[in-house]
Amino acid sequence: MTELTASADRRRLFALLSPAYLWLTLAVFLPLSAMLFFSFLTDLPQDNPDWSATFDNYARFLTNPTYAILMWKSVKLGLMVTLGCVLIGYPCALVLARTIKGRARETLFLLVILPFWSNSLVRIFSWAIVLRGNGMLEHALNWLLPFELRLELMFTTHAVVIGLIHSYLPYVILTSYLALQAIDDDLVDAARSMGASKLTILRRILLPLSLPGLLAGAVLVFVPVVGSFMEPRILGGRMGTYYGTLIEDQFVSVYNWPLGAALSFTLLAVVLLILACASPILGKART
Amino acid sequence: MSAVDVQNVTKRFGQTVALDDVSISFEDGGFFALLGPSGSGKTTLLRTIAGFHFAETGAIRIGDRNVENVPVEKRDIGMMFQNYALFPNMSVADNVGFGLRVRKVAAAEERRRIAEALELVQLGAMAERRPSQLSGGQRQRVALARAIVTNPKVLLLDEPLSALDKTLRVDMQIELKRIQREIGITTIFVTHDQEEALTLSDRIGILKDGRIVQVGPPREVYDKPVDAFTAGFLGDANWVPESWLSALRLPQPANGHSFAVRPEALSMAQARLDGMNAVAGRLTQRVFAGAMATCLIEVEGQKWKLIARDRDIPEITGDGAVWLNWRPEDTMAVRA
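To keep things clear, this report deals only with the structure shown in the data block. Keep in mind that what you see is a predicted model, and the values were worked out from it rather than measured. All residue numbers here refer to positions counted from 1 along the written sequence of the relevant chain. Throughout, the order in which chains and ligands are written sets their labels, letters from A for the former and numbers from 1 for the latter. For a predicted model such as this one, the threshold for reporting local features is a pLDDT of at least 70, and the threshold for listing and counting side-chain atom pairs is 80 or more; totals across whole chains, interfaces and linings nevertheless cover every residue. Water and hydrogen atoms play no part in the side-chain values, which are based on all heavy atoms of the structure.

This part is about the overall build of chain A. Secondary structure assignment for chain A yields 12 helices and zero strands. Numbering of helices and strands runs from the N terminus; a helix is a DSSP stretch of H or I covering at least four residues, while a strand is a stretch of E covering at least two. Ordered by position from the N terminus, the helices and strands of chain A form the series α-α-α-α-α-α-α-α-α-α-α-α. Taking 2.2 N^0.38 as the reference for a compact globule, 287 residues should give roughly 19 Å; the C-alpha atoms of chain A span a radius of gyration of 24 Å, well beyond that estimate. Considering only C-alpha atoms, chain A reaches an extent of 80 × 75 × 30 Å along its principal axes. Exposed residues in this analysis have more than 50% of their type's maximum accessible area, buried residues have under 20%, and partly exposed residues fall in between, with area computed by a 1.4 Å probe over protein chains only. By the burial criterion, 38% of the 287 residues in chain A qualify as buried. Throughout, a residue-residue contact means that at least one pair of heavy atoms, one from each residue, lies within 4.5 Å. Summarising the internal contacts of chain A: among those between residues at least 6 apart in sequence, 67% fall at separations of at least 24. In the form shown here, chain A has an accessible surface area of approximately 16700 Å², with 71% of it arising from carbon and sulfur atoms. Between the mean site of the 21 positive side-chain charges and the mean site of the 17 negative ones, chain A shows a separation of 9 Å. Only C-alpha atoms enter the radius of gyration; for comparison, a globular chain is expected to reach 2.2 Å times N to the power 0.38, where N is the number of residues. Each accessible area value is a Shrake-Rupley result obtained with a 1.4 Å probe; residue values ignore everything except the protein chains displayed when judging cover. Working convention for charge: Lys and Arg count positive, Asp and Glu count negative, and His plus the chain ends are omitted. Throughout, a charge is located at the NZ atom of Lys, the CZ atom of Arg, the CG atom of Asp or the CD atom of Glu.

In structure tokens:
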């Protein structure tokens, strides 16, 4: 009897979940497996009838050091941007969640998520206008300062980092904010009643309890930044060649899809490897 | 351990006056309950003594130190919260040791005092557990150990027992009283539970609308309430209708006073008894509750309540006409 209901339950569960699985199959699994398939080909079947299977595309990553160098450059960029987002975003979330109350909090929250509402291209070009030589930033600084100042920010790594931090900062603020906001006010009051200073409370209570949120935000920033190509290309100029732009070139300019796909999957593997290596640390921080 | 003195303290939140010129003294080593309905300002008074917010006017002394401008971190208090507020990311021992570590107590001394405090609340074996692995009563004890381990000048309790179920609450009341006696710490306890206030404290302060209504030992506050609010808030009160006043022996002249009788002071009979005050009424309901029973009697359109041992209440037959008798000295006179 129980077995019967169990199997009936299972069937109903399957029926209820099938739309979600169907959607995942169509939207994620099929395109991804097509790409995986392409990455093992010499040519796209629709372009060249003489296509054959090969490991060459992956071998090129190992034989040509340029790819590994660019990968390392992208990982470094990811770490830098993530660090920047954490250093700016966590204090913002802290102030937003623990000190500001009522209407002001809603308004500030809106300002935080505003970057999400604007087109990313518009956002990047706005930064270009601000950062470029003789641009808005230099004008403003020279108007304020008594001496002439040349920042030369445009087409540097700094410009790329600034643009990326601006784009991905909301993730860290949002996840940290949610974690911080869930902390019971009484915990802070209890710590204060025992004589703890603000810094002690941050270090021993707020930070440990909100760390899962902060780490989730950091991962959400790190993964897409390693593969980013738009910000490096527009704000980095000559300096803006990264692993992400390399992949984009394979798809858009060189039209070598198999190599682009192979490079993408290599990136995916490297990112997963990094997260897997970091997970013991992340897990430890959680307890 | 020290006496706490609150003088002419006023506290506003925007337009609402939370504390209105409150003056109250808590003597050294006493167990004091602040009692009042919700919104009466009792928690505000406690948090003002703790230093979570500052009063607009007035003075607060803890021991021989004026603290009205001292923030909570520097007041040297111990506090227990309604939901325990244990740090979920720390073990029981680390929770208890938090205040010691903040005070930079040496490691060996810290371990000794943590063990001592946990022993006092009978949780010595639980030191390495997490708060999430403890039952409600155990968390309560950890919170208490954490509040007293630093030897604060005063222990402040904000409805600490209200989250426990009834049997556990009674156990904890006894435990709390024992520990308070053992270490002799001045304790101020906020509650809305009248029975808890009467059981635990040496003195009770009753608050209403941000003012202190009455202060005194539990028995005095219960037996001689100053006004109708206190009489009705601390237990039930049966109000004597004016038409009966001339027929009763009253503790004082009737002008400007109302008179009431506690339900347990009444006895029910089919006749008026000699030397007793009495009113006539009609028994409408008798509620059996094991050892005790409650009777509802209608007196001149008012509902009177009688509480007595079930076996002491006579069976009433017929239409339920009864006399309610009580000793003249049990009549309570309160400001009208």
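All names here are of chain B. Strand order in the open sheet formed by five strands is β13-β17-β14-β15-β16, with antiparallel pairing between adjacent strands. Where the open sheet ends on each side, the last strands, each with one partner, are β13 (267-269) and β16 (302-309). Along the sheet, successive strands turn relative to each other by an average axial angle of 45°, direction set aside. In this structure, β13 lies alongside strand β17 (residues 321-326), joined through three bridges in antiparallel fashion. Residue Ala-269 lies in a different strand from β17, and its bridge partner there is Trp-323. Note on pairing: DSSP must find at least two bridges between two strands before they are called paired. Between N-to-C directions, angles span 0 to 180 degrees; the directions come from axes that are lines fitted to C-alpha atoms, helices contributing only their stretch in contact.

What follows is about the interface of chain B and chain A. Opposite the 21 residues of chain B that make contact, chain A presents 17 residues. Carbon and sulfur atoms make up 60% of the surface buried where chain B meets chain A, a total of about 1800 Å² over both sides. Summed over the three residues of chain B that lose the most area to chain A, namely Glu73(B), Asn89(B) and Phe98(B), the buried surface amounts to 29% of that side. Each reported salt bridge corresponds to a side-chain nitrogen of Lys or Arg within 4 Å of a carboxyl oxygen of Asp or Glu. Inspection of the region where chain B meets chain A yields two salt bridges. Only β6 (77-80) and α2 (92-102) of chain B provide two or more residues apiece to the side of chain B that touches chain A. With four residues, the single largest contributor to the side of chain B that touches chain A is α2(B). Per-class residue counts for the side of chain B that touches chain A are 12 nonpolar, three polar and six charged. Summed over both partners, buried area is the accessible surface (1.4 Å probe) that two parts give up on being assembled. Gly is put with the polar residues, along with every residue not named as nonpolar or charged; the nonpolar set is Ala, Val, Leu, Ile, Met, Phe, Trp, Tyr, Cys and Pro, and the charged set is Asp, Glu, Lys and Arg.

Attention shifts here to the packing of aromatic side chains. Residues and elements named next belong to chain A. Each aromatic pair joins two rings of Phe, Tyr and Trp (for Trp, the six-membered one) with centres within 6.5 Å, and gets the label stacked for planes under 30 degrees apart, edge-to-face for over 60, and tilted for any other angle. According to the stated counting rule, one finds 17 aromatic pairs over all chains in the structure shown. Ring centres of Phe-109 and Tyr-177 lie 4.7 Å apart, and the angle between their planes is 65°; this geometry places the pair in the edge-to-face category. Taken together, the residues Phe-109 in helix α4 (residues 103-117) and Tyr-177 in helix α7 (residues 157-181) connect sequence positions 68 residues apart. Judged by centre distance (6.2 Å) and plane angle (55°), the rings of Tyr-255 and Trp-257 are tilted.

Below, the discussion takes up the sheet that holds strand β8 (residues 186-191) of chain B. Residue and element names in this part refer to chain B. Spatial ordering of the open sheet is given by β6-β7-β8-β3-β9-β10, a layout of six strands whose pairing is mixed. Either end of the sheet is taken by a strand with one partner, and the two such strands are β6 and β10 (211-216). Adjacent strand axes in the sheet meet at a mean angle of 20° when their direction is disregarded. Of the pairings in the sheet, the one linking strand β7 (residues 154-158) to β8 comprises five bridges and is parallel in character. Bridging across to β8, Leu-156 finds its partner in Ile-188. Its contacts with the sheet place helix α4 (residues 136-148) against β6 and β7, and it is angled at close to 170° to β6.

Before going further, it helps to spend a moment on a nonpolar patch on the surface. Distance thresholds for patches are 9 Å for like charges and 5 Å for nonpolar side chains (Val, Leu, Ile, Met, Phe, Trp, Tyr), applied to residues having over 30% relative accessible area and no salt bridge. The grouping of Leu13(A), Leu17(A), Tyr21(A), Trp23(A), Leu24(A), Val28(A) and Leu32(A) at the surface amounts to a nonpolar patch, some 730 Å² of accessible area in total. Positionally, Leu32(A) belongs in helix α1 (residues 2-38).

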